[in-house]
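Spelled out, the chains give:
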Amino acid sequence: MSTEAQQQEQGGGPDAAREWQRWHEGRVVAVAAPYGPLSLTGTHWLSDYPEGRIPAVPGQWREDGDEVVLTAAAEDGIVVDGKPLTGGIRLGADRGPVGDSRVAQGERRLMVLRREGLWAVRDFDPGSAARRAFSTIEATPYDPRWALSGTFRRHGGDRTVRVANADGVERGLGLGGEIAFTVDGDEHTLQVAVEPDGSLWAVFADATSGNSSYRFRFLRPGAPAADGRVNVDFNRALLPPCAFADHFICPFPPPGNTLTAAIPAGERNRIEA
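As the structure is a prediction and not an experimental result, all values here were calculated from the model.

Q: Describe the overall build of the protein chain, and please don't skip the residues or the numbers.
A: Of the regular secondary structure elements, the protein chain holds 3 helices and 17 strands. Taking the principal axes of the C-alpha coordinates as reference, the protein chain spans close to 70 × 45 × 35 Å. Counting over 273 residues, the protein chain shows a buried share of 45%. Total accessible area on the protein chain is roughly 13,400 Å²; 47% of this is exposed by carbon and sulfur atoms.

Structural data, given as structure tokens:
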């Protein structure tokens, strides 16, 4: 049987491979973009700077209830909403793309982050050393064997588990259900979060993690069908943001999400020039 016939029999085919190649190329472009994850040079928690002065960031930043107050002088060179800031302004947490951040200093973008009641300022710089050094994302070419059929099982209610994060702090991770799928005849499950649009998100490790793949990865299946059927395509396993910059606070896999099987598919590692 030809390779193309085998792919079609397994539910893949040349169209799936070409679509995956476009996806992979798009991922490389997005990661290397001026305000992609490689540009993050710092996440500065305001609780570490009670006087409001962050050495690496201009201006004075202090939390005030549900907002952050930023105070700047002309020499700080801070621009808010496209206008130079002299004086103070109140800011909420940023929700949109980095490039749309309200606060800038030259090419840098300063974004306000809130996690579990704590405020931080993130500094994105297109001139970061990590972005200059980046070459590409190592990824396994599309293999239809890893485009699996799965079943989503919703939990009776949302659950929150405490998991370590990449910055060494333990935080809550909300889980709305699990997906079940079979690898080489053995059933496996992954606990997943349910996004507002109904799509799923899993943080997982497997037998390749820390060896031929990064220490953990993300998987983002689409929304399951009404009967729970869902595509579990490990060809699109993603490197987490912290694989590209140390200043992200990605959650580690929750209990039960370290697979005994090896998943030699999807994104594997960051490659530098």
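Next comes the rest of the account.
Q: So what's going on with the pairing of strand 16 (residues 229–233)? Residues and values would help.
A: Residues Val230 and Val232 of strand 16 are buried on one face, while the alternating residues Arg229, Asn231 and Asp233, pointing to the opposite face, are not. Relative to strand 16, strand 11 (residues 147–164) is paired through 5 bridges, and the arrangement is antiparallel. Paired with Ala147 across the strands is Asp233, a residue of strand 16.

Q: Which residues make up the pairing of strand 1 (residues 40–45), and what values go with them?
A: In terms of burial, strand 1 is largely enclosed, as 5 of its 6 residues are buried. Relative to strand 9 (residues 118–124), strand 1 is paired through 5 bridges, and the arrangement is antiparallel. Bridged to Gly42 within strand 9 is Asp123.

Q: Could you give an account of unusual backbone geometry, naming the residues involved and the relevant values?
A: The backbone of Glu116 sits at a positive phi, close to 50°, despite the residue not being glycine. Look at Asp184: it is not a glycine, yet its phi comes out positive at around 50°. In this structure, Asp184 sits in the loop between strand 12 (170–183) and strand 13 (186–194). Given the relative accessible area of 62%, Asp184 is considered exposed.

Q: So what's going on with the packing of aromatic side chains? Which residues, and what values?
A: One pass over the full model with this rule turns up 9 aromatic pairs. By way of ring pairs, the aromatic residues Trp201, Tyr214, Phe216, Phe218 and Phe252 are connected into one cluster.

Q: Report on the confidence of the model for the protein chain, specifying residues and quantitative values.
A: Confidence along the protein chain averages 94 in pLDDT terms, with 96% of residues attaining 70 or more. A low-confidence stretch, residues 1–11 stays under pLDDT 50, and its non-local contacts, those more than four residues away or across chains, total 11 contacts.

Q: Tell me about the nonpolar core, and name the residues and values.
A: Within the largest apolar cluster, 31 residues are counted, with the highest numbers of intra-cluster contacts made by Phe134, Ile137, Phe216, Phe218, Phe244 and Phe248. Where this core is concerned, the elements lending two or more residues are helix 2 (14–32), strand 10 (134–139), strand 12 and strand 14 (200–204). Setting aside residues no more than four positions away along its own chain, Phe244 makes contact with Arg27, Val31, Pro37, Leu38, Ala130, Phe134, Ile137, Leu239 and Arg270. Ranked by size, the runner-up nonpolar core spans 20 residues in total, among them Leu190, Leu200, Phe234 and Ala261.

Q: Residues and numbers for helix 2, please.
A: For helix 2, with 19 residues, the first-to-last C-alpha span of 27 Å sits near the 27 Å given by 1.5 Å per residue. Among the residues making up helix 2, those that are buried are Trp20, Trp23, His24, Arg27, Val28 and Val31. Buried residues in helix 2, looked at end-on, bunch into an arc of 140°, giving them a common side. Residues of helix 2 that are exposed and angled more than 90 degrees away from the buried face: Asp15, Arg22 and Val29. Elements in contact with the buried residues of helix 2: strand 10 and strand 17 (267–272).

Q: How would you sum up the sheet that holds strand 4 (residues 79–80)? Please name residues and give values.
A: Pairing in this open sheet of 6 strands is antiparallel, and the strands run 1-9-8-7-4-5 from one edge to the other. Here the strands that pair on one side only, and so sit at the sheet edges, are strand 1 and strand 5 (83–84). In terms of strand pairing, strand 8 (residues 108–115) meets strand 9 through 7 bridges, oriented antiparallel. In the sheet register, Leu110 faces strand 9, and the bridge partner there is Asp123.

Q: Tell me about the state of the cysteines, and name the residues and values.
A: Disulfide: a covalent bond formed between the sulfur atoms of two cysteine residues. Counted by the stated rule, this structure contains 0 disulfides. There is no disulfide at Cys242, and the cysteine sulfur nearest it, in Cys250, is 3.1 Å away.

Q: Describe the environment of Pro55, with residues and values.
A: Structurally, the position occupied by Pro55 is in the loop between strand 1 and strand 2 (60–64). Sequence separation between Pro55 and His44 is 11 residues; the distance between their C-alpha atoms is 9.7 Å.

Q: Tell me about the sheet that holds strand 3 (residues 67–72), and please be specific about residues and values.
A: The strand order across the open sheet built from 3 strands is 2-3-6, with neighbouring strands paired in antiparallel fashion. Each having just a single partner strand, strand 2 and strand 6 (87–91) make up the two edges of the open sheet. Between one strand axis and the next, the sheet turns by 25° as a mean value, whatever way the strands run. Bridge count for strand 3 against strand 6 is 5 bridges, and the pairing is antiparallel.

How each quantity is defined
- Residues numbered from 1 in each chain as written.
- Predicted model: local features only at pLDDT ≥ 70, side-chain atom pairs only at ≥ 80, totals over all residues.
- Heavy atoms only, no water.
- Helix = DSSP H or I, 4+ residues; strand = E, 2+ residues; numbered from the N terminus.
- Buried < 20%, exposed > 50% of the residue type's maximum accessible area, 1.4 Å probe, protein only.
- Areas by Shrake-Rupley, 256 points an atom, 1.4 Å probe, with all protein chains shown as cover.
- Pairing = 2+ DSSP bridges.
- Phe/Tyr/Trp six-rings, centres within 6.5 Å; stacked < 30°, edge-to-face > 60°.
- pLDDT = per-residue confidence, 0-100.
- Contact = heavy atoms within 4.5 Å.
- Core = buried A, V, L, I, M, F, W, Y, C linked by side-chain atoms within 4.5 Å.
- Expected span 1.5 Å × (residues − 1).
- Arc of directions from axis to C-beta.
- Disulfide = S-S within 2.5 Å.
- Axes fitted to C-alpha atoms, helices over the stretch in contact; angles between N-to-C directions.

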